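Results of the structural survey
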There are 2 protein chains.
Amino acid sequence: MAQQREDSTSSEMRHDWLADRWVIMAPQRSARPNDYVIGPPRELSNQNCPFCVGHEDWTPPAVACYASSPACKNQLWSVRVVPNKFPAVNAHRRSLVDPLSCPLSANAVTAEDLLADTDAIDIHDSAINLFQRRDLTGGHEVIVESPQHLHSISQLDQEATCLVFTAYRDRLRHWLDERELAYCVVFKNVGLDAGASLVHTHSQLIATDILPADVARASERMELFVKKESACLFCRMAEDELEQQVRIVERTVDFIAFCPFASRFPSMITILPTNHQPRFQSLGDAELEQLSRLTHRLVRRIEACYPDAAYNFIIHTSPNRLRCPDSFHWRIELFPRITKVAGFEWGSDCYINPLAPESAAAALRRARI
Amino acid sequence: MAQQREDSTSSEMRHDWLADRWVIMAPQRSARPNDYVIGPPRELSNQNCPFCVGHEDWTPPAVACYASSPACKNQLWSVRVVPNKFPAVNAHRRSLVDPLSCPLSANAVTAEDLLADTDAIDIHDSAINLFQRRDLTGGHEVIVESPQHLHSISQLDQEATCLVFTAYRDRLRHWLDERELAYCVVFKNVGLDAGASLVHTHSQLIATDILPADVARASERMELFVKKESACLFCRMAEDELEQQVRIVERTVDFIAFCPFASRFPSMITILPTNHQPRFQSLGDAELEQLSRLTHRLVRRIEACYPDAAYNFIIHTSPNRLRCPDSFHWRIELFPRITKVAGFEWGSDCYINPLAPESAAAALRRARI
């Protein structure tokens, strides 16, 4: 592989400060033999696709629709947001009624209360309950990104891509305006290995009334950084990356994209606004368009390096109810799924990455797009 | 699917006390459609297999060999342990020399020192280093489980399986006797989706001079449980599971196997000794044989429920240099890889499991083996 460090025959550990986790960089492992030879998965025809134009009644009714410019005026919609028919969370009333009619109740259980409850179990209760359950409410939506049966966001034109990012912003606003909800994430699974079950290009949004432990930990680490350094973690990281240059993939006026120093997966890319911004949903229209163009190019770079590769992307925006919400810096993580997570990783949460981020960034920069 | 809870149309969260992580149980998600249809991967012929009998010189020289009973006396070996040719860690001197000649140096850096160093960075240093690196030393071995080109431990006979478990015990003893090393894990990746690159049945061992963050956290949680409850977490869990019965898959004289309450993957199985035992490598011969038979049956149960499924298994044994090493209770985690980890999980470390552990256990119990 062109991306492999040819000079390196030993392992090195790198510390992911945010996750407080060491990652093993082991480029020599990419030379090992492989018995498995598989082609791309067979796909069913689009006649059965619930996301294609004409099949709108196969999904629950849309909660939002975006239409494209006059050039596409024959289409009723370009981007369509629908509740997930097989939701991972139980419906919060915000999924059902007009948001304006749902002011925050003074008695509402907040994410802080829930975290405090969990702490209380650890520290104060006399008996630990090993069989604790709770309900989970929130929302689970699908953002259908094209009326056509396309497979990747890279097949959309710039205008359609920008509408997709507009939908992300609007839906994050919708869910995070509800202060009873703690957390909301937009993510994209493309291809079987990335966890997709449908081929038609789409993203998903999950909102929950609980803050996942990893997100709580990462938010606390960002607060700790601000406290110790009087600066934001990701503002500092952006500066350092721009100075060191070796891991930068692209830079635009307002954003940088780089392969993070302690990437746990090969060719992982982080996209950051260079100015401090806690919430993705605060983006203005011009920034949003710039970001959608950048992301589109980055996906094309990944697809040029790894044809047919599955990929994920995740928008991390400030959850509700943090102690210091402004210490959060939103970011996108984008990564192809070209290695498998194996027993060692599941047992230790320590990842082995066979491709140095510096080599990954160089290959992504060189990609012809 | 027979394993699906048919009565359930809503999600529930369950708390994994050890990991301090909530898992989403969402049985309704298993009904969603799937575009992807793939068969088992094509495999290269065993003529190219470095683990087959006759190809011994394709690997580094064996560090241990186990021969089977007279019935197999025509074979030179039944189980063979070799250093991994593509190691994820740099060689510790224990990989190279006679262990007896390596007493612990008084000046050796211990895992505790390393942890203390990491803490020091967080709490005392004036400047946080976002680009911290360190060396990683230890060992990475392959346990080749048969001279024949078999694909799963379930194809071995009982005697050969017991020799494999004897090799696990011996190699864990070898590496964890070296007090400079902090951590040692035995794991098994079967099939492409479980992270295997070679088909020939084998396990791996990785020993490191650093304690992975997740293992440190889990060890601390076990200490916390002992402190608060004056009992071991897994002794209590075994008692509770035996009382509740609904998640038990099998019970033997000295072990139980059950689907844990907050399983993050479908059909995950935990195997525990019912009497408190911190270290897998303390097992006596009779217990080891009993455990190897039990594990063999459990793998057959998984393969009966999910033909051709990839699976992982991980032996968690007490690492070195814990404050209270006796609060650790060793365990095996065994799980088929039938769902993919997607954007939501990578973004939040919160897992969505479409199969209730109670349903999984019932299906595994019913499996014809």
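Residues numbered from 1 in each chain as written. Chains lettered and ligands numbered in written order. Predicted model: local features only at pLDDT ≥ 70, side-chain atom pairs only at ≥ 80, totals over all residues. Heavy atoms only, no water.

Some remarks on the overall build of chain A
Basically, it comes down to this: Secondary structure elements follow DSSP: runs of H or I no shorter than four residues count as helices, runs of E no shorter than two count as strands, and numbering proceeds from the N terminus. Only protein chains enter the calculation, and the probe is 1.4 Å; a residue is then buried if its accessible area is under 20% of its type maximum, exposed if over 50%, and partly exposed in between. Accessible areas in this description were obtained via Shrake-Rupley with a 1.4 Å probe; residue shielding takes into account the shown protein chains only.
For chain A, the count of helices and strands is 7 helices and 17 strands. For chain A, buried positions account for 63% of its 369 residues. When the accessible surface of chain A is summed, it comes to about 14500 Å², and 50% of that surface belongs to carbon and sulfur atoms.

Thoughts on the relation of the copies chain A and chain B
In this arrangement, two copies of a chain are superimposed by a rotation about an axis accompanied by a shift along the axis. Heads up, the condition is: The copies are overlaid by a least-squares fit using only the C-alpha atoms of residues whose pLDDT is at least 70 in both copies.
At an RMSD of 0.0 Å, chain A and chain B line up after a rotation of 180° and a shift of 0.0 Å along the axis. In symmetry terms, the pair is related by a two-fold rotation axis.

What about the pattern of salt bridges?
Residue and element names in this part refer to chain B. Convention followed: For this analysis, a salt bridge means a side-chain nitrogen from Lys or Arg found within 4 Å of a carboxyl oxygen belonging to Asp or Glu.
Throughout the structure, instances matching the rule amount to 33 salt bridges over all chains. A salt bridge links Glu141 to Arg171, with the shortest nitrogen-to-oxygen separation between them at 2.7 Å. With Glu141 in strand E9 (residues 137–144) and Arg171 in helix H2 (residues 158–176), the pair connects residues that are 30 residues apart, well separated along the chain. Side by side, Glu141 and Arg171 carry an identical accessibility label, which is buried. Arg247 is the salt-bridge partner of Glu241, the closest N and O atoms lying 3.1 Å from each other. Each member of the pair, Glu241 together with Arg247, is buried.

Focus: the packing of H2 of chain B against helix H5 (residues 285–305) of chain B
Geometrically, a packed helix pair is captured by the angle between its two axes and the distance between the axes. All names here are of chain B. Note the following rule: Lines are fitted to the C-alpha atoms to define the axes, a helix being fitted only along its stretch in contact, and any angle between axes, read from their N-to-C directions, falls within 0 to 180 degrees. Two helices that cross are described as forming a left-handed crossing if the nearer one is turned anticlockwise from the farther one by less than a right angle, and a right-handed crossing if clockwise. The contact criterion used is simple: two residues touch if any of their non-hydrogen atoms lie within 4.5 Å.
At their nearest, the axes of H2 and H5 sit 9 Å apart, and the two run at 115° to each other. When the axes of H2 and H5 are compared, the crossing they make is right-handed. Each of Gln158, Thr161, Cys162, Phe165, Thr166 and Arg169 in H2 lies in contact with H5, whose residues at this interface are Asp285, Leu288, Glu289, Leu291, Ser292, Arg293, Thr295, His296 and Arg300.

Side note on the sheet that holds strand E2 (residues 21–25) of chain B
Rules: Each pair of strands is called paired provided DSSP finds at least two bridges between the two strands.
Taken in spatial order, the 4 strands of this open sheet run E8(A)-E1(B)-E2(B)-E17(B), and their pairing is mixed. At either margin of the open sheet sits one strand with a lone partner, and together these are strand E8 (133–134) of chain A together with strand E17 (351–353) of chain B. Sheet topology note: the E2 of chain B/E17 of chain B ladder contains 3 bridges and is parallel. Its bridge partner being in E17 of chain B, Met25 of chain B is matched across the sheet by Asn353 of chain B.

Observations regarding the packing of aromatic side chains
Basically, it comes down to this: Each pair of aromatic rings taken from Phe, Tyr and Trp, with Trp reduced to its six-membered ring, is defined by centres within 6.5 Å and is described as stacked if the planes are under 30 degrees apart, edge-to-face if over 60, and tilted in the remaining cases. Geometrically, a lysine NZ or arginine CZ counts as sitting over a ring once it is within 6 Å of the ring centre and also within 35 degrees of the ring normal.
According to the stated counting rule, one finds 25 aromatic pairs over all chains in the structure shown. Both rings, one in Trp346 of chain A and one in Phe265 of chain B, keep their centres 4.8 Å apart while their planes meet at 75°; by these two values the pair is edge-to-face. In this pair, Trp346 of chain A sits in helix H6 (residues 343–348) while Phe265 of chain B sits in the loop between strand E13 (255–258) and strand E14 (269–273), so the two residues belong to two different chains. Given the relative accessible area of 5%, Phe265 of chain B is considered buried. On the numbers, 6.4 Å between centres and 20° between planes, the contact of Phe165 of chain B with Phe313 of chain B is stacked. Linking Phe165 of chain B in helix H2 with Phe313 of chain B in strand E15 (residues 311–316), this pair joins segments that are 148 residues apart in sequence. According to the relative accessible area criterion, Phe165 of chain B is buried, its value standing at 0%. Linked through ring pairs, Phe265, Phe335, Trp346 and Tyr351 of chain A together with Phe265, Phe335, Trp346 and Tyr351 of chain B together constitute an aromatic cluster. One Lys or Arg, Arg264 of chain A, reaches over the ring of Tyr351 of chain A and ends 4.9 Å from the middle of that ring.

Some thoughts on H2 of chain B
Residues and elements named next belong to chain B. Which entries qualify depends on this criterion: Any helix carries an expected span of 1.5 Å times its number of residues minus one. In the analysis that follows, any N or O atom pair within 3.5 Å is treated as a polar contact, provided that within protein one partner can donate a hydrogen and the other can accept it, and provided that, for residues neighboring in sequence, both atoms belong to side chains.
Its 19 residues place the ends of H2 27 Å apart at the C-alpha level, agreeing with the 27 Å of an ideal helix rising 1.5 Å per residue. When you tally the buried positions in H2, you get 15 out of 19 residues, the bulk of the element. Two or three places before Glu159, at the start of H2, stands the capping residue Asp157, its side-chain oxygen 3.2 Å from that residue's backbone nitrogen.

Looking at unusual backbone geometry
Residues and elements named next belong to chain B. Not every positive phi belongs to a glycine, and Arg321 is a case in point at roughly 70°. Looking at where Arg321 falls in the secondary structure, it is placed in the loop between E15 and strand E16 (331–336). Judged by its relative accessible area of 22%, Arg321 is partly exposed. The phi angle at Asp349 is positive, at roughly 60°, despite the residue not being glycine. Relative to the elements of secondary structure, Asp349 occurs in the loop between helix H6 (343–348) and E17. With relative accessibility at 14%, the residue Asp349 sits in the buried group.

Quick word on the interface of chain A and chain B
Selection rule: A 1.4 Å probe defines the accessible area here, and the buried area is the portion of it lost by two parts on being joined, summed over both. Classification used: nonpolar for Ala, Val, Leu, Ile, Met, Phe, Trp, Tyr, Cys and Pro, charged for Asp, Glu, Lys and Arg, polar for all others including Gly.
Between chain A and chain B, the residue contacts involve 101 residues of the former and 101 residues of the latter. Buried area between chain A and chain B, both sides added, is near 9200 Å², and the carbon and sulfur share of it is 60%. Inspection of the region where chain A meets chain B yields 2 salt bridges. Salt-bridge contacts for Lys340 of chain A lead to Asp193 of chain B; the nearest nitrogen and oxygen are separated by 3.3 Å. At the junction of chain A and chain B, the tally comes to 10 residue pairs in polar contact (both at pLDDT 80 or more). With 8 residues, the single largest contributor to the side of chain A that touches chain B is helix H3 (residues 213–229) of chain A. A class-by-class count of the residues in the side of chain A that touches chain B yields 50 nonpolar, 25 polar and 26 charged.

Describing the packing of helix H3 (residues 213–229) of chain B against helix H4 (residues 233–244) of chain B
Residues and elements named next belong to chain B. What counts here: Put simply, angles under 35 degrees are roughly parallel, angles over 145 are roughly antiparallel, angles from 65 to 115 are roughly perpendicular, and the rest are oblique.
Here H3 crosses H4 at 75°, and the two axes come no closer than 9 Å. Classified by the interaxial angle, the pair formed by H3 and H4 is roughly perpendicular. Two secondary-structure elements touch here, H3 through Met222, Phe225 and Glu229 and H4 through Leu233, Phe234 and Arg236. Each residue belonging to the contact of H3 with H4 can be placed in one class, and the counts come to 4 nonpolar, no polar and 2 charged.

Overview of the pairing of strand E13 (residues 255–258) of chain A
All names here are of chain A. Side chains Phe255 and Ala257 project from E13 onto one buried face, and the interleaved Ile256 and Phe258 project onto a second face that is buried too. Summarising the sheet, strand E12 (residues 248–251) and E13 pair through 3 bridges and their orientation is antiparallel. Its bridge partner being in E13, Arg251 is matched across the sheet by Ile256. The turn joining E12 and E13, which pair antiparallel and follow one another in sequence, is formed by 3 residues. By the bridge criterion, 4 bridges tie E13 to strand E14 (residues 269–273) in an arrangement that is antiparallel. By the bridge assignment, Ile256 is partnered in E14 with Leu272.

Some words on the sheet that holds strand E8 (residues 133–134) of chain B
Ordered by their spatial adjacency, 4 strands build an open sheet running E17(A)-E2(A)-E1(A)-E8(B), and the pairing between neighbours is mixed. Each edge of the open sheet carries a strand with a single partner, namely strand E17 (351–353) of chain A together with E8 of chain B. In this sheet, E8 of chain B lies alongside strand E1 (residues 12–16) of chain A in antiparallel orientation, the contact comprising 2 bridges. Residue pairing in the sheet places Met13 of chain A in a bridge with Arg134 of chain B of E8 of chain B.

Remarks on the side chain of Ser154 of chain A
Residue and element names in this part refer to chain A. Mapped onto the elements of the fold, Ser154 is located in the loop between strand E9 (137–144) and helix H2 (158–176). We classify Ser154 as buried; its relative accessible area is 16%. Among the polar contacts made by the side chain of Ser154, one reaches the side chain of Glu303 at a distance of 2.6 Å.

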